[in-house]
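Understanding the architecture of this molecule
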Amino acid sequence: MKIKRTKLAFTIAIVSAMALSSCGEKYTSEVKDGITVVSNQEGATLGHSADSGVKIIAQDRYAFKDLNKNGTLDAYEDWRLPVNERAQDLAKQMSLEDIAGLMLYSSHQSLPGRSRGFGSSTYGGKSFTESGAVASDLSDEQKKFLTDDHLRHVLITSVASPAVSAQWNNNAQAFAEGLYLGIPVNTSSDPRHGSDSYAEFNAGAGGDISMWPGTLGIAATFDPALMKQFGEIASKEYRALGIATALSPQIDLATEPRWSRFDGTMGEDPDLATDLAKAYVDGFQSTDGGDWGMQSVNAMVKHWPGGGPEEGGRDGHFGYGAYAVYPGKNIKDHLKPFTEGAFKLDGPTKMASAVMPYYTISTGEGEKVANGYNKYLITEVLRGKYGYEGVLCTDWGITRDITSVSKFEGKPFGVEGLSVAERHYKAIDAGMDQFGGNNDMAPVLEAYKIGVAELGEDAMRARFEESAVRLLTNIFRVGLFENPYLDVEETKTIVGNSEFMTAGFDAQLKSIVMLKNSNKSLPIKTKKKVYVPQRYVAPTTNWWGVTTEPKTIDAFNMEVVAKYFDIVNTPEKADFALVGITSPDGGVGYDDADLEKGGNGYIPINLQYSPYTADTAREVSLAGGSPLEDFTNRSYKGKSVETINTTDMQLVNDTKAKMGDKPVIVSVKVAKPMVFSEIEGSASAVLVHMGVQDQALMEIITGAAEPSALLPFQMPADMLTVEAQFEDVPRDMQPYTDADGNAYDFAFGLNWNGVIEDARVQKYR
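Source: prediction; values computed, not measured.

**With respect to the overall build of the protein chain**
What the protein chain contains, in helices and strands, is 21 helices and 30 strands. Principal-axis analysis of the C-alpha atoms places the extent of the protein chain at approximately 85 × 65 × 55 Å. For the protein chain, contacts bridging at least 24 residues in sequence account for 72% of all contacts bridging at least 6. Carbon and sulfur atoms make up 49% of the accessible area of the protein chain, which totals about 27300 Å². In the protein chain, which carries 73 positive and 102 negative side-chain charges, the distance between the mean positions of the two groups comes to 3 Å.

As structure tokens, then:
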């Protein structure tokens, strides 16, 4: 397989008869900004740094990079050879330390590094603001893990600008190229195309890149072709930023409505999620709809075997969410987006290039250990039964220690009693290739020693080379060994250009679901008088313990609203009201205060605004047990929980009372399913979205665009049906039915003519 050349590659338009030498070589070269770019006729375009010591080898009139600086053309340096042959040649040349470093995936890196807290870095021993460094410089930590720990896989989050990202890439690639063997940096990112950055797993969003609805929003379009278009555009922007691996898509089947990562999924239906997963990966991995190339981005699908069925909705980032359960004996639906989607692509790249298991212990599926340590799920099922050949990377931090089930720490669930090195060995023995969030190769080397004592030197070396070949394959086939460098000026024209922004905005319009439109309250003509009440935001504490102060805010960008309507400050003056809220934030399912009061710490997760008491919850949890707890029953039966943003319910109902018979339009940003009974009666029309710009909402409200999206999940009638449903079974709740008689079920949505009954509904419902 050869790398397909595209315009995205950093090339110089110099191919002409004059540029060819008198000896008839089939390549030309030019230097720009310290990077030598060599263009082979009918072959690969090469790029190398003037400072790295890498020279060009001429053979058969073609040019090749002498990455290991030995003066001869090695197989791994020959771009004409199949990728697998090149990867095997390089793996054999690598030292144990080289392979151990290749098996690392860095902790989160922001560009530039923050001065304190999560993602902090130093530059010459000083914080960025004190150092005099520029944003694209390598931090001290980055130089260390690239050199001392031989690390080559880097996860970036926020970047100062596309130009900074591109220049940092060039700096990092030049630095790595100068080291032995010249293995390039494979930079990755969590999703970054939304309109905000709201969590650890979406820390790089927003900014100058094109803005799309999240994957759940695209799922609401029920349109795999749109998902593929997103992948094709996003991959071009990623490569222009220097990103060659996407830590996405998240194809967990969202069968548990209380799960905090629900909004990162593609919904709860296995058939829809399978089609969307296939489209996403095809879009990211193919270059111009074809094979691997310079616009291709490796897709790391997550989280095997499906992170959706968390007991009670508690998330596996914490010890209190360590267990996935299958009361409906339905793991098969959770595997389908992987086995029938991401592993059976329509395009020539055939399957997603990497897989990430989730933190959870999948109860009843092999050993009672987290999925990254589960040999049955990894070797027997994923590798054996389904023949998966790509890279397997752990989720971030599974080998670190844990001291509390409620702290954001390590996730060594089921192996808490092992040492850090023993955990690394157990994961390798289970079939894993790489360790997410680990910058230190020492425990990998210790794991190697454990393996040598158990299996012998030859067997352990072969096992390490096996992982090295897989990891190198993903670097080779996206062209990084040939030319990892970017033209910074070209990056500025690619990332967030008007064409991509327009496509993202059009997708936002298609992702907004209209649930209610009584008396045809929508659309509303422009320049009507609108009353927009402000929204109270309660104080919160995030995963890292950082708190926010309470505040009252505008629910929309009022400058955008003013372009469509005349804003008035009292309900009496208004023709209609526009209320913006978010779905209920009903907690995480655990509270240290309950533990301090003598309870077990476990409480319900609430999907309604009003306080909720879990009188019908399980008497005994389906799973439980931790060395940090002296009990196994994690039941929360009979306990009560309040919702952080109950004032959103009050805002809707109070606004209705003030407006009387005049229309009240309610826009809800939903992160997961919610109980609508508390607010639906006060709303003339209801729009729900999963993250869009306010302009998109205004276009729908005014009728400039017609709503066309459908619910990719059910809205429950009440919390009783939430407690009764099975965590692993899709579409098993009683949906809410509104005053107009419409059930807010999977695949429901309205347009101006009423309930949508089109081919999408027929296919998936």
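**Here we look at the packing of aromatic side chains**
The geometry of two aromatic rings is summed up by the distance between their centres and the angle between their planes. Tallied over the full model, the rule gives 31 aromatic pairs. Ring centres of Phe262 and Phe713 lie 5.1 Å apart, and the angle between their planes is 90°; on these two criteria the pair is classed as edge-to-face. Here Phe713 lies in the loop between α19 (694-701) and α20 (719-724) and Phe262 lies in the loop between β10 (243-246) and α8 (270-285), a separation of 451 residues in the sequence. The buried category is assigned to Phe262, whose relative accessible area is 1%. Phe713 gets classed as buried once you look at its relative accessible area, which sits at 0%. Taken together, a centroid distance of 5.2 Å and an interplanar angle of 10° make the contact between Tyr320 and Tyr590 stacked. Taken together, the residues Tyr320 in the loop between β11 (298-304) and β12 (323-324) and Tyr590 in the loop between β24 (576-582) and α17 (592-596) connect sequence positions 270 residues apart. The ring of Tyr359 carries Lys411 above its face, with NZ or CZ at 5.1 Å from the centroid. Against the face of Phe408 rests Lys411, its NZ or CZ located 4.1 Å from the ring centre.

**Considerations on the nonpolar core**
Counting residues in each nonpolar core, the largest one holds 136 residues, and the members touching the most others are Leu90, Met266, Val301, Trp304, Phe343, Leu472 and Phe481. Setting aside anything within four residues of it in sequence, one finds Phe343 in contact with Val301, Trp304, Phe338, Lys350, Met351, Val355, Leu382 and Tyr388. Formed by 63 residues, the second largest nonpolar core is a distinct cluster that contains Ile581, Leu687, Val692 and Trp752.

**Topic: the sheet that holds strand β1 (residues 27-32)**
Strand order across the open sheet formed by three strands is β1-β2-β3, with antiparallel pairing between neighbours. Every other strand in the sheet has two partners, leaving β1 and β3 (45-49) as the edge strands with one partner each. On average, each strand axis in the sheet is tilted by 20° relative to the strand beside it, whichever way the strands run. With six bridges connecting them, β1 and strand β2 (residues 35-40) associate as antiparallel partners. Bridge pairing in β2 links Glu30 to Val37.

**Some points on the environment of Pro213**
The residue Pro213 is located in the loop between β9 (186-189) and α6 (215-219) in this model. C-alpha of Pro213 to C-alpha of Ala507: the two residues are 294 residues apart in sequence and 6.9 Å apart in space. What Pro213 contacts, discounting residues up to four positions off in sequence, is Ile218, Gly504, Ala507, Gln508, Ser511 and Gly691.

**Side note on the pattern of salt bridges**
On inspection of all chains with the given rule, the structure shows 32 salt bridges. The partner of Arg258 in a salt bridge is Glu723, with the nearest N and O atoms 3.4 Å apart. Within this pair, whereas Arg258 is found in the loop between β10 and α8, its partner Glu723 is found in helix α20, the two being separated by 465 residues in sequence. Considered together, Arg258 and Glu723 belong to a single accessibility category, that of buried residues. The network of salt bridges with shared partners includes Glu256, Arg258, Glu311, Arg618, Glu723 and Glu727.

**Focus: unusual backbone geometry**
Going from Leu111 to Pro112, the amide bond is cis rather than trans, its omega being 0°. If you trace the backbone, Pro112 turns up in the loop between β7 (108-111) and α3 (128-131). Of note, the bond from Lys302 into His303 is cis; its omega dihedral lies within 30 degrees of zero at 10°. On the secondary structure map, His303 appears in strand β11. Phi at Glu42 is positive, roughly 55°, even though this residue is not glycine. Relative to the assigned elements, Glu42 resides in the loop between β2 and β3. With relative accessibility at 76%, the residue Glu42 sits in the exposed group. A positive phi angle, near 50°, is found at Lys329, a position not held by glycine. Within the secondary structure layout, Lys329 lies in the loop between β12 and α9 (331-342).

**Side note on the pairing of β2**
The buried count for β2 comes to six of six residues, which makes it a mostly enclosed element. What you see with β2 is no split at all: Ile35, Val37 and Ser39 on one side and Thr36, Val38 and Asn40 on the other are buried throughout. The antiparallel hairpin formed by β1 and β2 contains two residues in its connecting segment, where Asp33 sits at a positive phi of about 55°. Summarising the sheet, β2 and β3 pair through five bridges and their orientation is antiparallel.

**Quick look at the pairing of strand β8 (residues 153-159)**
Within β8, five of the seven residues are buried, leaving the element largely enclosed by the surrounding structure. Judged from the three bridges that link them, β7 and β8 form a sheet pairing that is parallel. The partner of His108 across the bridge, within β8, is Leu155. Pairing between β8 and β9: four bridges, direction parallel.

**Topic: the sheet that holds β8**
The seven strands lie next to each other as β7-β8-β9-β10-β11-β13-β15, forming an open sheet whose pairing is parallel. The sheet is open, and its two edges are formed by β7 and β15 (391-392), each paired on a single side. Helix α7 (residues 224-241) contacts β9 and β10 of the sheet and is inclined by roughly 130° relative to β10. Taken strand by strand, helix α10 (residues 375-385) contacts β11, β13 (354-357) and β15, and its axis lies near 125° from that of β11.

**Notes on the packing of helix α11 (residues 420-430) against helix α12 (residues 442-455)**
For the pair α11 and α12, the least separation of the axes is 8 Å and the interaxial angle reads 65°. By crossing handedness, the relation of α11 to α12 is classed as right-handed. On the side of α11, the interface is formed by Val420, Ala421, Glu422, His424, Tyr425 and Ile428, while α12 contributes Pro443, Val444, Glu446, Ala447, Ile450, Gly451, Glu454 and Leu455. Across the contact of α11 with α12, the residue classes tally to nine nonpolar, two polar and three charged.

**Remarks on the side chain of Glu310**
Here Glu310 shows up in the loop between β11 and β12. With near-sequence residues (within four places) excluded, Glu310 lies in contact with Glu256, Trp259, Asp315, Gly316, Gly321, Tyr323, Ala324, Tyr358, Thr360 and Glu727.

What counts, and at which threshold
Each residue is numbered by its place in its chain's sequence as written, counting from 1. Per-residue local features are limited, in this predicted model, to residues with pLDDT of at least 70; the limit for side-chain atom pairs, both in listing and counting, is 80 or more; totals at the level of whole chains, interfaces and linings are taken over all residues. With hydrogens and water excluded, all non-hydrogen atoms of the structure serve as input to the side-chain values. In DSSP terms, a helix is any run of H or I states spanning at least four residues, a strand is any run of E spanning at least two, and both are numbered starting from the N terminus. The contact definition used throughout considers only heavy atoms, calling two residues in contact when any of these lie within 4.5 Å. Note on areas: Shrake-Rupley with a 1.4 Å probe; residue coverage comes only from the protein chains shown. Think of it this way: Lys and Arg go in the positive column, Asp and Glu in the negative one, and His and the chain ends go nowhere. Throughout, a charge is located at the NZ atom of Lys, the CZ atom of Arg, the CG atom of Asp or the CD atom of Glu. Stacked, tilted and edge-to-face are the three classes assigned to paired rings of Phe, Tyr and Trp, where Trp is represented by its six-membered ring and a pair needs centres within 6.5 Å; plane angles under 30 degrees give stacked, over 60 edge-to-face, the rest tilted. Relative accessible area decides the class of each residue, using a 1.4 Å probe on protein chains only: under 20% of the type maximum gives buried, over 50% gives exposed, and in between gives partly exposed. Should the NZ of a Lys or the CZ of an Arg lie within 6 Å of a ring centre and within 35 degrees of the ring normal, that charge is described as sitting over the ring. The definition of a nonpolar core used throughout is a set of buried Ala, Val, Leu, Ile, Met, Phe, Trp, Tyr and Cys residues joined through side-chain atoms within 4.5 Å. One requirement defines pairing of two strands: DSSP has to find at least two bridges between them. Note on geometry: axes are C-alpha line fits, over the in-contact stretch for helices, and angles between N-to-C directions span 0 to 180 degrees. For this analysis, a salt bridge means a side-chain nitrogen from Lys or Arg found within 4 Å of a carboxyl oxygen belonging to Asp or Glu. Crossings are assigned a handedness: left-handed for a near helix turned anticlockwise from the far helix by less than a right angle, right-handed for a clockwise turn. Side-chain classes follow a simple rule in which Ala, Val, Leu, Ile, Met, Phe, Trp, Tyr, Cys and Pro form the nonpolar group, Asp, Glu, Lys and Arg form the charged group, and the remainder, Gly included, forms the polar group.

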